[in-house]
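# Descriptive structure summary
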Amino acid sequence: MEYVQLGQAGVKVSRLALGLGLRGQSNPAEAQRMIERAINLGVNFIDCANVYGPMDDRANIGQSEEILAQVLKQHRDDLVISSKVASQIGTKPNDRGLSRYHILREVERSLDRLRTDHIDIYLIHAPDQRVPLEETMRTLDDLVCSGKVRYIGCCNFAAWRVCEALWTSDKANGTPFICVQNPYSLLGRWLELEMFPLVRNQGLGIMAYSPLAVGLLSGWYHPERPAPEGSLWARHSAWDFQQLMQGTPGEVIRVLLTVADAVGKSPAQVAMAWVLSHPEITCAIMGGDTIAHLDENVGAVGWILDPEHKQQLDDVSAPMRNNLSAPIGPIDIG
């Protein structure tokens, strides 16, 4: 495993982080074994959220933090853990958002579920236009000053929003973001337009989620075949999937399969290695739900795509750089 600094912060994290969305996992014991396996493979960065729970079921909100707590008993001092706040966690008026009220309440709940006295990286899960940004940033700064949070960052922010938050922190002499977490893959390259220049200029790290484009780049899907039965994309209509495969995504998958065969790696490993080949990307978040997925994804590190194969992937996915429509698949805000 390789380790790098998270932006300009001194903390070092593994190039692959383990995401605990657990959308395809219903067994807490198996999820715990997966976390332990990741640690044994050198992963020291675990990405969680107050809204995460097995099978993405609202009834299971918060359970991912509880599962992680079982592992932290033995490994707390060796792991960098993140959690998030903003997403809807209930039906009451203050059960979402970035108000001081909600943030302070939810950080205490997360700390209680995690059974720890601090969260290493506390992330805003999504923007909240209803709350003054200064209120949010001052609250996060208070959490850092209190020792309950070590660093802060944001998810699913446009570059201009990140810049606004940095300016707000600077004006108040407060704690700035050290990283952003956004989707980035061969099928979603819009971060290159404005976010990449911003993070280079400001020294931020990028945690890239959905590096396999909600599984489309995993090797399970082929442009000439229907979506495998029981897969996420099989839930869409056959016509919708066919239309998707006839466009740029289908062409990207064809080239990805060809490159994977040429280099002797799985399509998932190649797709994630391509993401990690960009110096702006600190880490890619693995979203698999089983030990088998994890073992395969870890094969994305320890080697480098040669220039010829990287260029092939760059060229075929170029239209996805200028496509400013919504990311393929749901944005990860719970």
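Above this text is the structure in question.
For the structure given in this document, a descriptive report is provided here. (Residues numbered from 1 in each chain as written. Predicted model: local features only at pLDDT ≥ 70, side-chain atom pairs only at ≥ 80, totals over all residues. Heavy atoms only, no water.)

## Description of the packing of helix 3 (residues 100-114) against helix 4 (residues 133-146)
Running from N to C, helix 3 and helix 4 cross one another at 30°; their axes reach a closest spacing of 9 Å. As the angle between them shows, helix 3 and helix 4 are arranged roughly parallel. Read as a crossing pair, helix 3 and helix 4 show a hand that is right-handed. Residues R100, I103, L104 and V107 of helix 3 pack against E135, T136, R138, T139, L140, D142 and L143 of helix 4. The residue makeup of the contact of helix 3 with helix 4, split by class, is five nonpolar, two polar and four charged. (Axes fitted to C-alpha atoms, helices over the stretch in contact; angles between N-to-C directions. Helix = DSSP H or I, 4+ residues; strand = E, 2+ residues; numbered from the N terminus. Parallel < 35°, antiparallel > 145°, perpendicular 65-115°, else oblique. Left-handed = near helix turned anticlockwise from the far one by under 90°. Contact = heavy atoms within 4.5 Å. Nonpolar A, V, L, I, M, F, W, Y, C, P; charged D, E, K, R; others polar.)

## Things to note about the sheet that holds strand 7 (residues 149-155)
Read once around its circumference, the closed barrel built from eight strands follows the order 3-4-5-6-7-8-9-10, with strand pairing classed as parallel. Neighbour to neighbour, the strand axes of the sheet diverge by 30° on average, direction disregarded. The sheet contact formed by strand 8 (residues 177-183) and strand 9 (residues 205-209) spans five bridges and is parallel. Bridged to N182 within strand 9 is A208. Across the sheet, helix 3 touches strand 5 (80-85), strand 6 (119-124) and strand 7, and the angle it forms with strand 6 is around 140°. (Pairing = 2+ DSSP bridges.)

## What about the packing of helix 8 (residues 248-263) against helix 9 (residues 267-276)?
Relative orientation of the contacting elements helix 8 and helix 9 amounts to 100°, with a least axis distance of 8 Å. By the angle between their directions, the pair helix 8 and helix 9 is classed as roughly perpendicular. Residues L256, L257, V259, A260 and V263 of helix 8 pack against P267, V270 and A271 of helix 9. Taken together, the residues of the contact of helix 8 with helix 9 sort by class into eight nonpolar, no polar and no charged.

## Some points on helix 6 (residues 191-202)
Those residues of helix 6 lying buried are L191, E192, M195, F196, L198 and V199. Down the axis of helix 6, the buried side of the element spans an arc of 170°, and every buried residue falls inside it. Relative to its buried face, helix 6 has exposed residues pointing more than 90 degrees away, namely E194, R200 and N201. Among the structural elements, helix 5 (159-171), strand 8, strand 9, helix 9 and helix 12 (319-322) are those in contact with the buried residues of helix 6. Positioned one or two residues after helix 6, G203 has a phi angle of 75°, which is positive. (Buried < 20%, exposed > 50% of the residue type's maximum accessible area, 1.4 Å probe, protein only. Arc of directions from axis to C-beta.)

## Regarding the environment of S218
Turning to its location among the elements, S218 is positioned in the loop between strand 9 and helix 7 (238-245). A residue is classified by how much of its surface remains accessible, and S218, at 17% relative accessible area, is buried. Separated by 78 residues in sequence, S218 and L140 have C-alpha atoms that sit 36 Å apart. Discounting residues that sit within four places of it in the chain, S218 has contacts with L212, P267, A268 and E296. Looking at S218, its side chain comes within polar contact range of the main-chain nitrogen of W220, at 3.3 Å. (Polar contact = N/O pair within 3.5 Å; in protein donor to acceptor, adjacent residues only side chain to side chain.)

## Comments concerning the nonpolar core
Grouped together as the largest cluster of nonpolar side chains are 92 residues, with contacts concentrated most on L18, F177 and L217. Per-element tally for this core: the top contributor is helix 9, with eight residues. Core analysis: the second largest hydrophobic core is formed by 16 residues, A9, A17, C155 and C283 among them. (Core = buried A, V, L, I, M, F, W, Y, C linked by side-chain atoms within 4.5 Å.)

This is a description of form; function is not addressed.
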